[in-house]
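Here is what each chain is made of, one letter per residue.
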Amino acid sequence: MLSHLAAASVPAVARLTVTTDPGAEVRPGSIVIANHTSLADPAIVLAALHGRGIRPVVLATAGLWRIPLLGAALTREGFVPVRRGGPRAAEALDGAAAALAAGRPVLLYPEGGLPVRDDSGEAAPGPFRSGLWRLATSTGAPVVPLGQAGARRLLSGGPAKHAAGLLTAPVRRPALHVHIGAPLHLEGARAAATQRAHRALTAAWRTAVEHVDGRDRAPAPTGHPGSFRQTSV
């Protein structure tokens, strides 16, 4: 339901396009990692994946389960609550591993939280927490980097700016872009493996930024023929 809702609502307020690297594929039991910049980007990522028939299990902050109706919907979708900094923190990885074993793709944000910023600009992914490496090495699941750009043009700053962004979005229709990179396998020591994943996600994010900036400068698509496959959502 949440994937369907995202796929219906995001195109109503913005212009979302998606590109993929050659060989990029989100197979059953894959870990999708995305950069986290705004409260809007989970909906953007779900909409982009829904357009490819992918409905992932999402690791999300446990506080969302306290919101009436939303918490029930998250449980119904099989999403996994993340309780950071406490004795139950490891439960999220157990839930993610179970979803992967059942053939579900899992979406997680390896940075572990949102940046503390008021502006609507882009910034490269921050340092990763250890959860991605622990999940990938314990399950052997492939890791698919997904970079997104433009989410902060929908929602950024404080509550007043959030409200203004949502109210004006159907008129502004900001450009959003998601780029899906080729999968990789994380093997070996934590530091080196995490660095590989960070480089891959940063590269996907940079591609997404280039597409958003190019569409702001000109109405025509800015994909590189032969390098990417581009679709609109």
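Our structure's up above, just so we're on the same page.
This report concerns the structure included in the present document. (Residues numbered from 1 in each chain as written. Predicted model: local features only at pLDDT ≥ 70, side-chain atom pairs only at ≥ 80, totals over all residues. Heavy atoms only, no water.)

## Here's the deal with unusual backbone geometry
Next, step 1: The backbone phi angle of leucine 69 is positive, close to 70 degrees, even though this residue is not glycine.
Next, step 2: Inspection of the secondary structure puts leucine 69 in the loop between β3 (57-61) and α3 (70-77).
Next, step 3: The phi angle at arginine 173 is positive, at roughly 45 degrees, despite the residue not being glycine.
Next, step 4: If you trace the backbone, arginine 173 turns up in the loop between α6 (159-172) and β7 (175-180).
Next, step 5: Here arginine 173 falls in the partly exposed class, since its relative accessible area comes to 29%. (Helix = DSSP H or I, 4+ residues; strand = E, 2+ residues; numbered from the N terminus. Buried < 20%, exposed > 50% of the residue type's maximum accessible area, 1.4 Å probe, protein only.)

## Thoughts on α6
Next, step 1: Between its first and last C-alpha atoms α6 spans 19 Å; for 14 residues at 1.5 Å apiece the expected length is 20 Å, and the two agree.
Next, step 2: The sharpest bend along α6 measures roughly 30 degrees and falls at leucine 166, with the proline proline 170 sitting one to four residues further on.
Next, step 3: Just beyond α6, the residue with positive phi is arginine 173, at close to 45 degrees. (Expected span 1.5 Å × (residues − 1). Bend = angle between axes of the 7 residues up to and from the residue.)

## Concerning helix α5 (residues 131-139)
Next, step 1: Of the positions making up α5, those classed as buried are Gly131, Leu132, Leu135 and Ala136. The buried residues of α5 occupy one face: seen down the axis, they fall within an arc of 120 degrees.
Next, step 2: In the stretch just after α5, glycine 140 is the one whose phi turns positive, near 75 degrees. (Arc of directions from axis to C-beta.)

## What about the nonpolar core?
Next, step 1: Ranked by size, the top nonpolar core spans 33 residues in total, and within it Leu16, Ile44, Leu146, Val178 and Ile180 carry the most contacts.
Next, step 2: Going through the elements one at a time, α1 (2-13), β1 (15-20), β2 (31-34), α2 (41-50), α3, β6 (143-149) and β7 are the ones with two or more residues in this core.
Next, step 3: Counting residues per element, this core draws most heavily on α2, at six residues.
Next, step 4: Discounting chain neighbours no more than four positions away, the residues touching valine 178 are Leu16, Thr17, Val18, Thr19, Ile44, Ala48, Leu146, Gly147 and Gln148.
Next, step 5: Ranked by size, the runner-up nonpolar core spans 24 residues in total, among them Ile31, Leu132, Val143 and Leu186. (Core = buried A, V, L, I, M, F, W, Y, C linked by side-chain atoms within 4.5 Å. Contact = heavy atoms within 4.5 Å.)

## A short note on the environment of alanine 164
Next, step 1: Assignment of secondary structure puts alanine 164 in helix α6.
Next, step 2: Counting along the chain gives 56 residues from alanine 164 to leucine 108, while the straight-line C-alpha distance between them is 28 Å.

## Comments concerning the packing of helix α4 (residues 91-101) against α5
Next, step 1: At a closest axis distance of 10 Å, the pairing of α4 and α5 adopts a crossing angle of 40 degrees. With respect to their mutual orientation, α4 and α5 come out oblique. As α4 runs across α5, the sense of the crossing is right-handed. Between α4 and α5, the contacting residues are Leu93, Ala96, Ala97 and Leu100 on the first element and Gly131, Arg134, Leu135 and Thr139 on the second. (Axes fitted to C-alpha atoms, helices over the stretch in contact; angles between N-to-C directions. Parallel < 35°, antiparallel > 145°, perpendicular 65-115°, else oblique. Left-handed = near helix turned anticlockwise from the far one by under 90°.)

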